[in-house]
Amino acid sequence: MLIDFKVSNFRSIREEQKFSLVAGNTDKDLPSCVIDRELPGLSGVKFLKGAAIYGANASGKSNVLAAIRYMTNFVVRSATQIQPGANTGAEPFKLDKESVTKPSEFEITFVADGVRFVFGFAATPQRVVEEYLIAYPKGAPQRWYQRTFNASNGSYDWAKPSTAFNQDKSLQDKTRENSLFLSVGPQFNHTQLTPVFNWFKDSLHFIHLGVERRMGHALHHGFTAEQIKDPMQHDRIVNLLRSAEFGVVDVTAQEKEITFEEIKLSMPPALLAKLEKEHGSKPLRGLEINLTHKAEGIEPVTLDFDDEESDGTRRFFALIGPWLDILDNGYTVFVDEIETSLHPILVKELLKLLFCSKNNPKGAQIVFTTHNPVFLDSTLIRRDQVWFTEKSPSGETHLYPLTDYQPRKDEALAKGYLAGRYGAIPFLEEGLKL
């Protein structure tokens, strides 16, 4: 479970910005949107199943999600996929001369295996300059480790850890300057670090729906197609397609060989080059998806998935497999541009599935970016689930919650947002000019 996240000096974010999924104590609306979970040291604190981030184009809302994704990828990959001396991938704020020379900083509070943790690091493109992990198994903080780069001698100073932590000097020595200790430890079966590492690896998922129209159906929609092989999942997927009013009555997926000739015109060049490098000229194994539609006066008809199904149908199909997986496992998912090629009413119904306690007993969470005010619906999300991003004249992103404005319980949020009451909309005083 994600509790909160802080970031500074990353892309358009210069000063520290904090995002939180802690529920407001005074807001009693929509209890189904709340996770009521007792944690040592946080008596009476409840948590949210999700939040929406609104903002104008280029305001930095996607960069908030990108910061969490960068942190996740760095944890999962830095020990195994970043070569010695390679760039860490940190991207400091570039619009002032001081920030470019400073590290990007990240901190996340979360629950893994029933224990609350705070993990953070600071990194320049060259190296990690600080890293720490604090555990709260019984409510009081336990500093499991902390390392700080000492520029005077080019090495790391390691703080004295809690006696509850199994310190391994050999693992410290194996941790390069461009990798994380949290990434290194699990490679050598460190029993305390592995569950924390696995939370990043397994529990955080990222979906971006704003991709190119044609990605090659067997690759782009493969996760949902694979789930169709399970009879129970097949029925759930068909039920969702039926209830979405796409006219679909059945779905099948059959294995098929796919040549590069078949996909080279429908796939981004960078992805195509990567696949060619990994597979050579060998055909790819994929799944041919067939959606069967009801027809007037004749037998049901199967349409070509790539050429005859709409963008919305294909995107919805691609999304429902991961969506069911998220619900079944209680994952935390981040979705950029959630309404892309999907009708907002359909998106609202997907969100209702996740915010429903019956369908989401394991407390899955979602954080999504959007422009659409239709989701500012008091029957869908609470006021403490709404966040905004706004870019200052100096080009830096500010992230803030709707609750800063203390909206009335009966306030029309969508109307107020479009009127600019909460900021986070384009300000075009004189319109667009040629």
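Residues numbered from 1 in each chain as written. Predicted model: local features only at pLDDT ≥ 70, side-chain atom pairs only at ≥ 80, totals over all residues. Heavy atoms only, no water.

Caption draft 1: Layout of unusual backbone geometry. Here the phi dihedral of D113 falls at roughly 50°; this positive angle occurs in a residue that is not glycine. Inspection of the secondary structure puts D113 in the loop between strand 6 (104-112) and strand 7 (115-123). Since its relative accessible area comes to 68%, D113 is described here as exposed. For E337, which is not a glycine, the phi torsion comes out positive at approximately 55°. With respect to the element layout, E337 can be found in the loop between strand 15 (332-336) and helix 12 (344-355). (Helix = DSSP H or I, 4+ residues; strand = E, 2+ residues; numbered from the N terminus. Buried < 20%, exposed > 50% of the residue type's maximum accessible area, 1.4 Å probe, protein only.)

Caption draft 2: Structural detail: the sheet that holds strand 6. On the basis of which strands lie adjacent, the open sheet formed by seven strands has the order 2-1-6-7-8-9-10 and antiparallel pairing. Unpaired on one side and paired on the other, strand 2 (17-20) and strand 10 (155-158) mark the two borders of the sheet. The sheet shows a mean angle of 10° between the axes of neighbouring strands, direction not considered. Across four bridges, the pairing between strand 1 (residues 2-8) and strand 2 is antiparallel. (Pairing = 2+ DSSP bridges. Axes fitted to C-alpha atoms, helices over the stretch in contact; angles between N-to-C directions.)

Caption draft 3: Summary view of the packing of helix 1 (residues 61-77) against helix 4 (residues 193-203). Interhelical geometry of helix 1 versus helix 4 gives an angle of 125° and a closest axis separation of 9 Å. In terms of their interaxial angle, helix 1 and helix 4 are classed as oblique. The hand of the helix 1/helix 4 crossing is left-handed. Between helix 1 and helix 4, the contacting residues are T72, V75 and V76 on the first element and F197, F200 and K201 on the second. A breakdown of the residues in the contact of helix 1 with helix 4 according to their chemical character gives four nonpolar, one polar and one charged. (Parallel < 35°, antiparallel > 145°, perpendicular 65-115°, else oblique. Left-handed = near helix turned anticlockwise from the far one by under 90°. Contact = heavy atoms within 4.5 Å. Nonpolar A, V, L, I, M, F, W, Y, C, P; charged D, E, K, R; others polar.)

Caption draft 4: Representation of the packing of aromatic side chains in the model. In total, this model carries 32 aromatic pairs according to the counting rule given. A centroid spacing of 5.1 Å and a plane angle of 35° characterise the contact between F106 and F121, whose relative ring orientation is tilted. Linking F106 in strand 6 with F121 in strand 7, this pair joins segments that are 15 residues apart in sequence. The pair formed by F106 and F121 is uniform in burial state, with each residue classed as buried. Residues Y145 and F165 carry aromatic rings whose centres are separated by 6.3 Å and whose planes lie at 45° to one another, so their mutual orientation is tilted. With Y145 in strand 9 (residues 142-150) and F165 in the loop between strand 10 and helix 2 (169-174), this residue pair connects regions lying 20 residues apart in the sequence. Like F165, Y145 is buried. (Phe/Tyr/Trp six-rings, centres within 6.5 Å; stacked < 30°, edge-to-face > 60°.)

Caption draft 5: Seen up close, the sheet that holds strand 14 (residues 301-304). Spatial strand order, 12-13-14: three strands in an open sheet with antiparallel pairing. Two strands in the sheet have a free side with no partner beyond their single neighbour: strand 12 (248-258) and strand 14. Recorded for the sheet is a direction-independent mean angle of 30° between the axes of neighbouring strands. Sheet topology places strand 12 next to strand 13 (residues 284-293); ten bridges connect them, and they run antiparallel. Residue pairing in the sheet places A253 in a bridge with I289 of strand 13. Across the sheet, helix 7 (residues 231-243) touches strand 12 and strand 13, and the angle it forms with strand 12 is around 120°.

Caption draft 6: Focus on the pattern of salt bridges. Within the structure shown, the criterion is met by 23 salt bridges. For E107, the salt bridge identified is with K6, shortest N-O distance 3.6 Å. Taken together, the residues E107 in strand 6 and K6 in strand 1 connect sequence positions 101 residues apart. For E107, a relative accessible area of 18% puts it in the buried group. Residue class for K6 comes out partly exposed when judged on its relative accessible area of 23%. A salt bridge links K352 to E349; the nearest nitrogen and oxygen atoms lie 3.3 Å apart. Residue K352 and its partner E349 are both found in helix 12; the two are separated by three residues, about one turn of the helix. Connected through salt bridges with shared partners, the residues D27, D29, R383 and K409 form a single ionic network. (Salt bridge = Lys/Arg side-chain N within 4 Å of Asp/Glu carboxyl O.)

Caption draft 7: Representation of helix 12 in the model. In this model, helix 12 (twelve residues) spans 16 Å end to end at C-alpha, consistent with the 16 Å of a helix rising 1.5 Å per residue. Among the residues making up helix 12, those that are buried are P344, L346, V347, K348, L350, L351, L354 and F355. The elements touched by buried residues of helix 12 are strand 5 (50-55), helix 11 (311-329) and strand 16 (365-370). (Expected span 1.5 Å × (residues − 1).)

Caption draft 8: Representation of the pairing of strand 18 (residues 397-401) in the model. Of all the five residues making up strand 18, four are buried; the element is thus mostly covered by neighbouring parts of the structure. As judged from the five bridges shared by strand 17 (residues 386-391) and strand 18, these two strands associate in the antiparallel manner. By the bridge assignment for strand 18, W387 is matched with P401. Counting the residues in the hairpin turn of strand 17 and strand 18 gives five residues, including G395, whose phi is positive at 90°.

Caption draft 9: Broad picture of the packing of helix 7 against helix 11. Between helix 7 and helix 11, whose axes approach to 11 Å, the crossing angle comes to 125°. Accordingly, the angle class assigned to the pair helix 7 and helix 11 is oblique. In this structure, the crossing between helix 7 and helix 11 has a hand that is right-handed. Taken together, the residues of helix 11 that come into contact with helix 7 (itself represented by Q233, R236, I237, L240 and L241) are F316, F317, I320, L324 and D328.

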